[in-house]
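Structural description and commentary
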Amino acid sequence: MKKVLIFSVVSLALILAACAPAVTPGDTMPMDNGAMTLAPGASAGVTATPGSMMMENPEAAHMMEPITAPNVQPATETEGGQPLAYREENGVKVFELTTIAVQWPILDGVTVTAYTYNGTVPGPMIRVTEGDRVKIIVKNELPDPTTVHWHGVEVPNAMDGVPGVTQDPIQPGESFTYEFIAKPAGTFMYHSHFEGDVQVSAGLYAPFIIDPQEPEANPPVVDKVLMISELRMTDGETFAAMPMGGMEPNYFTINGKSFPATETITVKKGDLVRLRFIAIGQFIHPMHLHGVPFKIVATDGHPVPEAAQLTKDTVSVAPGERYDIEFVATETGQWMLHCHILHHTTNDNAEPGGLMMVINVVE
Ligand SMILES: [Cu+2]
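Residues numbered from 1 in each chain as written. Predicted model: local features only at pLDDT ≥ 70, side-chain atom pairs only at ≥ 80, totals over all residues.

The number of helices and strands found in the chain is 3 helices and 23 strands. Taken over 363 residues, the chain has a buried fraction of 36%. Here the contacts in the chain between residues at least 6 apart in sequence split such that 73% fall between residues at least 24 apart. (Helix = DSSP H or I, 4+ residues; strand = E, 2+ residues; numbered from the N terminus. Buried ≥ 20, exposed ≤ 12 C-beta atoms within 10 Å, placed from the backbone. Contact = placed C-beta atoms within 7 Å.)

Quick look at the structure:
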């Protein structure tokens with residue numbers, strides 16, 4: 001017993017001695033040396049944090065400024081995402097879009113400053129058939145340059161709408177014409193690609209639906225597009241919301257409206273219902289349907305083969321994604337559809353609000 005104890009004490013002493021040179025100088029010398037060698041680099045100006053670099057460069061901080069424009073007028077329309085009329089010219093469907101800032105009501109008593117296509121949030125829905133030749137004339141009446149990206153549509157490179165890469169920005173007062181063949185069929189969208197962190201959140205987004213050439217075997221009775229986004233409103237000023245300290249959203253919208261101003265979708269018992277979720281904001285939204293489960297029939301516009309269609313009651317829609325879901329409304333009643341991040345079902349932190357809507361199933 002005594003031997004063991006002595007052995008242990010000796011062992012401990014040896015271990016401590018062995019460790020000591022590594023531990024003690026390590027706490028002081030290498031650190032001092034490290035600081036000495038790093039310091040010149042720091043003084044050379046290469047170690048500024050991203051945050052401080054951003055503040056030194058006013059251009060980089062554009063997203064922290066409120067959304068403004070001179071003489072912004074109240075919107076004359078109240079519903080966004082409505083079908084856009086077109087004219088036919090030599091077999092081409094010609095659409096016209098004008099970017100314009102308006103005061104857009106998202107809720108009774110809450111109006112935001114929005115950048116829009118044709119004065120609504122979302123902008124008007126472009127709906128064509130696969131293979132259609134389309135021409136879209138975009139006139140920019142915003143105080144800032146812009147471009148339009150056709151998200152998910154297989155367009156020629158020069159029509160892709162990326163400023164400084166595929167085209168010059170459309171300057172205020174100028175126009176640009178996009179022309180392509182609409183393909184493939186599915187749920188797509190168009191949105192700004194110029195300072196997208198601000199312009200998209202400010203409202204420059206809209207659905208682009210391409211119907212298949214062959215009529216669907218089992219078309220839904222009700223077919224709705226739901227574009228989901230967020231905004232930040234403080235002291236009457238509108239900001240582009242983003243996942244960044246101080247810029248978090250306090251309003252959440254479905255088709256440009258917050259609950260209870262969101263649309264109630266009335267369907268008949270037995271109807272096949274298709275909802276096309278499009279997340280165009282900067283946050284993920286797990287959208288949950290009460291009452292009956294649904295099937296995910298298309299992802300990012302592309303059909304899911306029947307054997308691979310998941311049956312779910314909640315689907316997370318990440319920024320840029322689209323999910324087409326279908327269900328048969330088998331039970332009458334007012335069924336909620338809402339985001340399950342429950343801060344997202346508030347208006348300026350008051351519940352209920354935000355990403356909620358009612359599916360009203362009637363006899
Ligand atoms: Cu959400």
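This part takes up the pairing of strand β4 (residues 110–117). Judged by how many residues are buried, β4 sits mostly within the fold: 6 of 8 residues are covered. Where strand β3 (residues 92–107) lies against β4, 8 bridges are found, and the strand directions are antiparallel. Looking at β4, one finds that T99 is bridged to Y117. In textbook terms, the turn of a hairpin is the stretch between consecutive antiparallel strands, and for β3 and β4 this stretch comprises 2 residues, one of which, G109, has a positive phi near 85°. (Pairing = 2+ DSSP bridges.)

In this section: the sheet that holds strand β23 (residues 356–362). In a beta sheet, neighbouring strands are held together by backbone hydrogen bonds and run either parallel or antiparallel to one another. The strand order across the open sheet formed by 5 strands is β14-β23-β22-β16-β20, and the pairing between neighbours is mixed. The open sheet is flanked by β14 (265–268) and β20 (314–317), the only strands paired with a single partner. Across this sheet, the average inter-strand angle for adjacent strands is 20°, counted without regard to direction. Both strand β16 (residues 285–289) and strand β22 (residues 333–339) contribute to a ladder of 3 bridges, which runs antiparallel. Of the residues in β22, the one forming a bridge with L289 is L337. (Axes fitted to C-alpha atoms, helices over the stretch in contact; angles between N-to-C directions.)

Moving on to the confidence of the model for the chain. When pLDDT is averaged along the chain, the result is 87; 83% of the residues meet or exceed 70. For residues 1–56, every residue scores under 50 in pLDDT, and the model assigns this stretch 8 contacts once sequence neighbours within four places are set aside. (pLDDT = per-residue confidence, 0-100.)

This paragraph deals with the nonpolar core. In this structure, I228, F277 and I278 are the most contacted members of the largest nonpolar core, which totals 75 residues. Residues lining this core come from more than one domain, with at least three contributed by each of domain 1 (73–211) and domain 2 (222–362). Apart from the residues within four sequence positions on either side, I278 is in contact with T187, M189, P207, V225, L226, M227, I228 and R322. (Core = buried A, V, L, I, M, F, W, Y, C linked by C-beta atoms within 7 Å. Domains from an automatic or database assignment.)

On to the environment of W335, then. Relative to the assigned elements, W335 resides in strand β22. Among the residues examined, W335 registers 19 C-beta atoms within 10 Å and is labelled partly exposed. Along the backbone, W335 and H290 are 45 residues apart, and their C-alpha atoms lie at a distance of 5.6 Å. When residues no more than four places from it in sequence are discounted, the contact partners of W335 are H290, G291, V358, I359 and V361.

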